Every structure is written in C-alpha cells, then in structure tokens.
Amino acid sequence: MGWDGLALWGENVRRVKPLSGGSSNDVWRVEIGGRPVVARLGKRSDADLAWEAGLLEHLDREGLTVPVPIPTLDGRLFVEGLVVMEYVEGGPPQTAEDWRRTADVLRRLHALTQGWPQRPGWRSSTDLLQVDKGTRIDLTAMPAEAVLRCRAAWQRLSGEPRSVVHGNPNNPGNVRVTADRVALIDWDEAHVDVSVLDLVLPFNGAVLEGEALDIAEQASAAWEAAVCWKDDYAVSRLAEVRAIG
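Just so you know, these numbers come straight off a predicted model, no measurement behind them. (Residues numbered from 1 in each chain as written. Predicted model: local features only at pLDDT ≥ 70, side-chain atom pairs only at ≥ 80, totals over all residues. Heavy atoms only, no water.)

1. Some thoughts on helix α3 (residues 144-155)
Helix length check: α3, at twelve residues, gives a terminal C-alpha distance of 16 Å against a target of 16 Å (1.5 Å per residue), a fit within 8%. Burial in α3 covers these residues: A146, V147, R149, C150, A153 and W154. Taken end-on, α3 shows its buried residues confined to a sector of 160 degrees, consistent with a single buried face. What points out from α3, more than 90 degrees from its buried face, is the exposed set A144 and L148. (Helix = DSSP H or I, 4+ residues; strand = E, 2+ residues; numbered from the N terminus. Expected span 1.5 Å × (residues − 1). Buried < 20%, exposed > 50% of the residue type's maximum accessible area, 1.4 Å probe, protein only. Arc of directions from axis to C-beta.)

2. A short note on empty space enclosed by the protein
Counted by the stated rule, this structure contains two cavities of 30 Å³ or more. By volume, the largest cavity amounts to about 140 Å³. Lining the largest cavity we find 14 residues, and of these G167, L197, D198, S220 and W223 sit closest to its centre. Breaking the lining of the largest cavity down by element, the ones donating at least two residues are β10 (191-194) and α4 (210-228). With three residues, the single largest contributor to the lining of the largest cavity is α4. Tallied by class, residues from the lining of the largest cavity come to six nonpolar, five polar and three charged. Within this model, the second largest cavity holds a volume of roughly 40 Å³. Along the walls of the second largest cavity sit R40, L49, E52, A53, L56, P69, L77, V83 and M85, which together make up its complete lining. Only α1 (46-61) and β4 (82-86) provide two or more residues apiece to the lining of the second largest cavity. Considering each element in turn, the lining of the second largest cavity owes the most residues, four residues, to α1. Looking at the lining of the second largest cavity residue by residue, the class counts come to seven nonpolar, no polar and two charged. (1 Å grid on protein atoms, 1.4 Å probe; cavity = no way out; pocket = protein on both sides within 12 Å on 5 of 7 lines; lining within 4 Å. Points joined across faces, edges and corners; volume = space filled by probe spheres on them. Nonpolar A, V, L, I, M, F, W, Y, C, P; charged D, E, K, R; others polar.)

In short, geometric facts, not functional conclusions.
Written out as structure tokens, the structure reads:
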C-alpha cells in the first residue's frame, strides 16, 4: 500500500515535502484539507506501532506535548507501517535554560511510565548484560573487547529506576521549544530502559553531578555505540567508553 494509504485519512490529503527524522522511516510533511500534519512510513510491526501509539495517547492525556497519532476515517491509528501524527510547532533548544526545561519534561515522562511494558522486540541496556540481540542491537557484530566495555558501563546502572525513555532526546531536532512548553517528537527509539539514559543532555541540562553523571555518560555512550554499530559515529562513541582494568 505504501504512501497510497494516505487516502485512508481522507480525500484531500497530499504530501508536501520530506522531513528529516526517524532512523529507519520515510517522514513527510503532509496536509489534510490544508492542515499541516506529519506522516511516517516504515517497516515496524503492528505490535510495535500499537505500543508507540498507546504511549503517545497516554502522554497526551497526562498533559505532555507529543505528536499524537491521527486516526484514519475508520478509526485505525496505523495501516501497514503508515502513521499520521499531529504537527508540533516550535524550534530546537538553543540555551542552557532550554535544555533544563527539556530535562524537566523527560523526568515527567519517566514518572508517568514507571512499570510500562517493554516495546515489542526491544531489550534494555541491562537486559543486554545477559542477551546479545534486541531490535537494532547485535552485540555479536561488535569486537569482544568492545562488548565487555559496553556491558561494564551498563552494569553500573543496576538498581537505577526504569521507565520509558525517549531514546534520543539529546538530538536538538527531536525537541520543539516554544515560550510556554517543550515538546518531544520522533519516538522511534523509545523503549523501556534505565531512566537516566535520557538525561545526558547538552549543557548538562539535567544537572547531574559526580558519579551519577559519569555513570549516565558512560552507559549512554555504550548504548549509542551498540545501536549504531559500525558507522563512524558508533566508533567515536565507543572510544568514550572506558576500557576495563
């Protein structure tokens, strides 16, 4: 069906221009009767998309600004990998205060999703202490020494609170700031994990200190190295994870 599926949202729907966003999706600015929205086409399973849609609806009900899924004319929130969402206004965070406001929203996300079920097919960082694969991560593709370093970083997260994490909030393109609110967009990497992984932000927006900051930075670098392996960014992130011994 592909992009032809947009007809399920009405007759007066048109694609306007492609957008950056999403690591494994085709994302477009779309208009429905002249109203700007965002459409995303990917290969995620129905179970995965249902998890994401349910999360976004929950966060919207609780007062967070997120790209809420728009149903088709017959009430479906996604069709064969195609999702249409509200367009979220705002610009990227630019100042230390913007990033502190972003951290506040992330902590609100974490508080609202303690005990949330895991995204289908995903593994958390601490799960990967025992297993080798989960969604986009395959530790068997990494050098053994690199896996040991990553797991040592994730081991330090043991006992830390878990919740849904956005998964990539330190990318300014995933945050939309206005004078009166901060919104999080692009939930493609969201899953259940140790909450502090979301709090490694520019300007140290979450105001982490000492060992807490070191634990979060090392675990975050290890996660990004594993999830992106083996591009140049992953190699650079792995270089930030301290060697064992």
